[in-house]
Structure formats: structure tokens, C-alpha cells
Amino acid sequence: MKKQYKLGVVLSGGGAKGFAHLGLLQVLEEKGLKPDIIAASSAGAIAGALYADGYSVQEMLNLFKNTGFMDFVSPKLNANSLFKSDNLMKKLKTMLHSKTFEELSIPLLISTSNITCGKVEYFHSGILLDKVIASSSIPILFNPILINGNYYVDGGLFDNFPVEQIRDQCDFVIGSHLHPFKKQEKITSLKQNIERTVTMIYESHGWKKAALCDLYIEPEALSQYSIYDVRKASAIYKVGYDYAKKMLESSKIVFA
């Protein structure tokens, strides 16, 4: 039976490590390939939304050039989080041309965690901005987002790698996962504690699903970077680009 899409791309969450996704997207373009559908979570949802909205990889890199983690948050202790995501919402609101999923040039599906009902929810239609922000709202760090009477946080809490949602619809699936395992010798701050907890959740979602991808990309070098390393965007992008290029060139898959 003919599948609905030729190539699907899955982009995991990972905070600032999400710049590695842009490296993969750039390599695909250089090889004349473009996703027919994108499934994503958290940072992957931001990258996927902007790319599906028509931004080039270089435009996306330039948009976040000379910015740091604190540029995206309001450094004020919130009632239910350490930071408010107001600044990120304002920035994405000015950047996104599309107001709804339906306006995007590439179909996009994102995972979110409904903490009111305690379950994963996937969005692929309707208003775009609040769903993207919800999917990337790391618990404790960022405030939950209220959508239709329910509170939502980072999609990575329940499904950081939503490959199952598109696997049967695609001839080929490439998965980009940002959390290779690395032993953590010391945890000496709340910041490290939050990152380690989030990372351990994220890690388990990736390798368990790797077999569902025709090509699974997880650069080991990403283990040296933090989810907060927004200022290292160019370096993280290069890690993603170099590894994706190597994996695609060594792959025997013919995307025809």
C-alpha cells in the first residue's frame, strides 16, 4: 500500500542541543531531500515549526545568534516554576508567519504532556504558538501552558521522540535524538539536578525507539553540551551537521 509520505523526520527535545537538528536539516537539503512530515517534541518542536514555516537553516541560526538562555525567560520566581516563558513566547510570536498548523508548508505533529489529566497528547491542527510553547516548557524550569482548560508541559515528559505517530505513514523515517548517555560524576546545583533529571527521561525515549527509524542519528559529541548552552548554537549545529553528513553518506538507504 502506498504510504502518505515519502520522508518523515523526527526531532527530539533537548534544549539548546536542538541546534543539532538544524545540522541534519541542512545536510538533507544539500542532498536534495526535504521532510514531507515532521514529528517533534520540545526544542524539536521549535525547530520543526520554524522550518515548516519556511525558514532556512541559516535564517534560524541567525535568529538565535548572540542570544543566551536568559534571553528567553523572565528571571522571576513564578508560583509554579523557576522562570516564566513569556520572552520565548513573544519571540516566537514575532517569528512565526503561520498562526495555525494548517498554514505550515510541511505537516507538523508535536507531542505535549497534559499534566492535568496525566497523559501524552499530540497536536497537528489548530493554533500553533501555544502548542509549541507547551511542548517546550521543561517542567519546574518553565510554567505550564493552559490550553482548553488543561495544563501542558514539555512533550518530552511522556514522549520525547514521537516516531510511532508517523512511522506507518512514511516510506522512510530519519530520527534525530539529542541525548547520548554520559555518566554524571557530580551534581552540585539545582540547575544540574534539573538538567540531569530531564536528560535521563529524554534518553530513555530515544534508544528504545531507535529501531523504528530507517536512520537514527544521535551524535555522541552532544554529551559535552548542556540544555542551557544557547550561546554555543554554532558549535552544536556543527556537531549535528558533521554527524548527520557522515551517517547519511555511510547509509545504504536510497531515498527514491
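None of the values given here were measured: they were computed from a predicted structure. (Residues numbered from 1 in each chain as written. Predicted model: local features only at pLDDT ≥ 70, side-chain atom pairs only at ≥ 80, totals over all residues. Heavy atoms only, no water.)

Regarding the overall build of the chain
Along the chain, the regular secondary structure elements total 9 helices and 8 strands. Total accessible area on the chain stands at roughly 11,700 Å², and carbon and sulfur atoms take up 54% of it. (Helix = DSSP H or I, 4+ residues; strand = E, 2+ residues; numbered from the N terminus. Areas by Shrake-Rupley, 256 points an atom, 1.4 Å probe, with all protein chains shown as cover.)

Points about the side chain of Asp-53
Looking at the element boundaries, Asp-53 is found in the loop between α2 (43-52) and α3 (57-63). Among buried Asp, Glu, Lys and Arg side chains, Asp-53 stands out as unpaired, with Lys-99 the closest opposite charge at 8.5 Å. Polar side-chain contacts of Asp-53 include one of 2.7 Å to the backbone nitrogen of His-97. Non-local contacts of Asp-53, meaning those with residues more than four positions away in its chain, are made with Met-95, Leu-96, His-97, Ser-98 and Leu-104. (Buried < 20%, exposed > 50% of the residue type's maximum accessible area, 1.4 Å probe, protein only. Lys, Arg positive; Asp, Glu negative; His and termini not counted. Salt bridge = Lys/Arg side-chain N within 4 Å of Asp/Glu carboxyl O. Polar contact = N/O pair within 3.5 Å; in protein donor to acceptor, adjacent residues only side chain to side chain. Contact = heavy atoms within 4.5 Å.)

Comments concerning the confidence of the model for the chain
For the chain, mean pLDDT is 88; residues scoring 70 or higher make up 83% of the total. By mean pLDDT, helix α8 (residues 190-207) is the weakest element of the chain at 64, and strand β2 (residues 37-41) is the strongest at 98. (pLDDT = per-residue confidence, 0-100.)

Topic: the nonpolar core
Ranked by internal contacts, the top residues of the largest apolar core, which has 60 residues, are Phe-19, Leu-22, Leu-24, Leu-50, Leu-92, Leu-108 and Ile-174. The element contributing the most residues to this core is helix α9 (residues 233-250), with 8 residues. For Leu-24, the contacting residues outside a window of four places in its chain are Val-9, Leu-11, Ile-174, Ser-176, Ile-217, Gly-240, Ala-244 and Leu-248. Counting 13 residues, the second-largest nonpolar core is a separate cluster that includes Ala-39, Val-163, Cys-170 and Val-173. (Core = buried A, V, L, I, M, F, W, Y, C linked by side-chain atoms within 4.5 Å.)

A word on the pattern of salt bridges
Under the counting rule described, the total for this entry stands at 8 salt bridges. The partner of Lys-31 in a salt bridge is Glu-249, with the nearest N and O atoms 3.8 Å apart. Of the two residues, Lys-31 sits in the loop between α1 (19-30) and β2 while Glu-249 sits in helix α9, which places them 218 residues apart along the sequence. A cluster of three or more residues bridged by salt bridges with shared partners is formed by Asp-159, Glu-164 and Lys-209.

Some points on the environment of Asp-53
Relative accessible area serves as the criterion here: at 10%, Asp-53 is assigned to the buried category. Considering only alpha carbons, one finds Asp-53 and Ile-106, 53 residues apart in sequence, at a separation of 7.5 Å. A distance of 2.5 Å separates polar atoms of two side chains, one belonging to Asp-53 and the other to Ser-98.

Quick word on the side chain of Ser-42
The residue Ser-42 is located in the loop between β2 and α2 in this model. Exposure remark for Ser-42: the relative accessible area of 2% places this residue in the buried category. Looking at Ser-42, its side chain comes within polar contact range of the side chain of Asp-154, at 3.0 Å.

As for the pairing of strand β3 (residues 108-114)
Within β3, 7 of the 7 residues are buried, leaving the element largely enclosed by the surrounding structure. What you see with β3 is no split at all: Leu-108, Ile-110, Thr-112 and Asn-114 on one side and Leu-109, Ser-111 and Ser-113 on the other are buried throughout. With 4 bridges joining them, β2 and β3 adopt parallel strand pairing. Following the sheet pairing, Ala-40 is matched in β3 by Ile-110. Pairing analysis gives 5 bridges linking β3 to strand β4 (residues 119-123), with the strands arranged antiparallel. Note on β4: the bridge partner recorded for Asn-114 is Lys-119. Taken together, the 2 bridges between β3 and strand β6 (residues 150-153) define a ladder with antiparallel strand orientation. Considered in β6, the bridge of Ser-113 is made with Val-153. (Pairing = 2+ DSSP bridges.)

Some words on α2
Burial analysis of α2 places 10 of its 10 residues in the buried class, which makes it a mostly covered element. Residues of α2 that are buried include every one of Ala-43, Gly-44, Ala-45, Ile-46, Ala-47, Gly-48, Ala-49, Leu-50, Tyr-51 and Ala-52, and no others. Taken from the residues just after α2, Gly-54 is the one with a positive phi, measuring 110 degrees.

So, the packing of aromatic side chains
Considering all chains together, one arrives at 4 aromatic pairs under this definition. Relative to Tyr-152, the ring of Phe-123 lies with its centre 5.7 Å away and its plane at 65 degrees, an arrangement referred to as edge-to-face. Here Tyr-152 lies in strand β6 and Phe-123 lies in strand β4, a separation of 29 residues in the sequence. Just as Phe-123 is buried, Tyr-152 falls in that class too. Between the aromatic rings of Phe-161 and Tyr-216, the centroid separation amounts to 5.8 Å while the plane-to-plane angle is 85 degrees, which identifies the pairing as edge-to-face. Here Tyr-216 lies in strand β8 (residues 215-217) and Phe-161 lies in the loop between α6 (156-159) and α7 (164-167), a separation of 55 residues in the sequence. In this structure Phe-161 comes out as buried when scored by relative accessible area, which is 0%. (Phe/Tyr/Trp six-rings, centres within 6.5 Å; stacked < 30°, edge-to-face > 60°.)

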